[in-house]
Amino acid sequence: MKQRKIAPSTHLIHHAYEPPAGFKSVVPGIHKASTVIFDNTVALRARQWKDKTGYTYGLHGTPSTFTLEERLATLEGGLQTLLAPSGLAALAMVDMALLHAGDEVLIPDNAYGPNKDLARGELAHWGITHQFYDPLRADELASRITPRTKLIWLEAAGSVTLEFPDLIGLLRVARQHPQVIVALDNTWGAGLAFDAFAFDEFGGQSQGVDISVHALTKYPSGGADVLMGSITTRDEALHIKLKMTHMRMGLGVGGNDVEAVLRGLPTLPLRYAAHDAATRQIAQWWQTRPEVSQVLHPALPESPGHAHWAQTCSAAGGLVSVVFDERYSPAQVDAFIDALDLFKIGYSWGGPVSLAVPYHLPSMRTVGDVPQGTLVRLAIGLEDPQDLIDDLAQALTVLAAGA
Ligand SMILES: *Cc1c(COP(=O)(O)O)cnc(C)c1O
């Protein structure tokens, strides 16, 4: 071949310089790739994408996604983890991988709202039915299981109302039906509040759920700036089943986002403990306030499912909900929220900033009793708890003024 001068554009890509190997630092290097380069065609043909022995394609993983997956599997007490572009995408992927037309999925009535919407929307369109069950009553779940039941979701604590489910009772009911896979939305517990794969002792063996899904968007990221989800398992065949759907759906995550979550993980236990301690202090303060009829927080003995919480957990996360006395109208509660200064109005918790959102429960629940009166869910951030209490107290004067 005739020697030809390489054009600058090619030189920019195929530059000969390589940095020396052996660089070491505290953080793992971040790798980003849409494509993976093979050494030769033999290596290309021998590619193996189902495990972590090699790299084959951007969507199938990089050193960075493998590192994050392994750390999350360890955190959750699992053996395999898949990453998805959001917590909701991870929930949806489990449904898609495991449910076929004619199957039924059982979802707690207090589940993360979009998980229920998915059942009412896409799953229904695909001929997959659902029932919402009362997570405080294992007998009620038992009465809903049929041979068509293939997947049971658990969520602890429940979204917004924070009832803590009878995890052990629900699991034991599900385990009487070998065709049923049990999946947990473990976002609130973050892999720290309880052990998703071993919260029950039965017949001398510890047992737990089959699948733990985690919105990394919340506590693992901790920055309120990333969307990501994970799906962790302990069974290789189940993992591969999920991974096939993951591959066919093309659910990739970006290297920059992986970097952000990897950066958040080392401080996760410290942040979780800080959210937890501040939230308990604020929950106790609310108990002294005459404006609210109920304080919902799993560590409070009055809170629904407290005994179940005490059975499996010692930590309690960063969420507390309060139900305002019925004498206050929804508009007055809105005025209270609008008067908050440090608390911002927003949904996606787990970051440094405290958040408040009002909810109208009767339109959200179909099973059991719901508290009357307007509910406000507070996500406690990392501010000084006394400053947050002062903020709540000053906003309550606005509520009282409107009464
Ligand atoms: C936020 C959340 C999700 C969804 O996470 P996204 O990354 O925002 O899609 C799922 N489950 C629970 C319990 C959540 O709080």
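Keep in mind that this is a model prediction, so the values were computed, not measured.

Participant: In this structure, what is going on with the packing of aromatic side chains? I would like to understand it.
Facilitator: We describe a pair of aromatic rings using the distance from one ring centre to the other and the angle between the two ring planes. Applying the stated criterion across every chain yields a total of twelve aromatic pairs. Considering the side-chain rings of Y219 and Y272, the 5.1 Å spacing of their centres and the 85 degrees angle between planes classify their relative orientation as edge-to-face. One end of the pair, Y219, is in the loop between β8 (211–215) and β9 (229–233); the other, Y272, is in helix α10 (residues 268–287), with 53 residues separating them in the sequence. Of the two residues, Y219 and Y272, both sit in the buried class. Centroid distance W286 to F324: 6.0 Å. Interplanar angle 85 degrees. Geometry classified as edge-to-face. You can see W286 sitting in helix α10 and its partner F324 sitting in strand β11 (residues 319–324), a full 38 residues away along the chain. For F324, a relative accessible area of 0% gives the class buried. Three or more aromatic residues joined by ring pairs form one cluster here, namely W285, W286, F324, Y328 and F336. Lying over the aromatic face of F66, K52 brings its terminal NZ or CZ to 5.3 Å of the ring centre.

Participant: Help me understand the pattern of salt bridges, please; the structure alone is not making it clear to me.
Facilitator: Once the charged atoms of two side chains with opposite charge are near each other, the side chains can pair. Per the counting criterion, the structure on display carries 13 salt bridges. Taking the shortest distance from any N to any O, the salt bridge between K116 and D109 comes out at 3.3 Å. Accessibility expressed as a relative area gives 1% for K116, which makes it buried. Residue R144 pairs with E140 through a salt bridge whose shortest N-O separation is 2.6 Å. You can see R144 and its partner E140 sitting in helix α6 (residues 138–144), four residues apart, about one turn around the helix. The class for E140 is buried, based on a relative accessible area of 10%.

Participant: For this particular structure, what's the right way to read empty space enclosed by the protein?
Facilitator: According to the stated counting rule, one finds one cavity of 30 Å³ or more in the structure shown. Of the voids in this model, the largest cavity is the one considered here, and its volume is about 50 Å³. Lining the largest cavity, in full, are Y219, H275, G318, W349, G350, G351, V353, L355, A379, I380 and G381.

Participant: Looking at this structure, I do not really get the domain arrangement of the protein. What am I missing?
Facilitator: Many authors give the size of an interface as the accessible area that is lost as the parts come together. Domain assignment breaks the protein into domain 1 (41–266) and domain 2 (267–401). Look at where the C-alpha atoms of domain 1 and domain 2 centre, and you get two points 27 Å apart. Each partner contributes residues to the interface: domain 1 has 40 residues there, and domain 2 has 36 residues. Interface of domain 1 and domain 2: buried area, both sides summed, is about 3100 Å²; carbon and sulfur atoms make up 64% of it. On the surface where domain 1 and domain 2 come into contact, there are zero salt bridges. If you look at where domain 1 meets domain 2, you find 17 residue pairs in polar contact (both at pLDDT 80 or more). For the side of domain 1 that touches domain 2, the secondary-structure elements that each account for two or more residues are β3 (129–133), α6 and α7 (167–174). Of the residues assigned to the side of domain 1 that touches domain 2, the class counts are 22 nonpolar, ten polar and eight charged.

What counts and what doesn't
- Residues numbered from 1 in each chain as written.
- Predicted model: local features only at pLDDT ≥ 70, side-chain atom pairs only at ≥ 80, totals over all residues.
- Heavy atoms only, no water.
- Phe/Tyr/Trp six-rings, centres within 6.5 Å; stacked < 30°, edge-to-face > 60°.
- Helix = DSSP H or I, 4+ residues; strand = E, 2+ residues; numbered from the N terminus.
- Buried < 20%, exposed > 50% of the residue type's maximum accessible area, 1.4 Å probe, protein only.
- Lys NZ or Arg CZ within 6 Å of the ring centre and 35° of its normal.
- Salt bridge = Lys/Arg side-chain N within 4 Å of Asp/Glu carboxyl O.
- 1 Å grid on protein atoms, 1.4 Å probe; cavity = no way out; pocket = protein on both sides within 12 Å on 5 of 7 lines; lining within 4 Å.
- Points joined across faces, edges and corners; volume = space filled by probe spheres on them.
- Domains from an automatic or database assignment.
- Contact = heavy atoms within 4.5 Å.
- Buried area = accessible area lost by both parts, 1.4 Å probe.
- Polar contact = N/O pair within 3.5 Å; in protein donor to acceptor, adjacent residues only side chain to side chain.
- Nonpolar A, V, L, I, M, F, W, Y, C, P; charged D, E, K, R; others polar.

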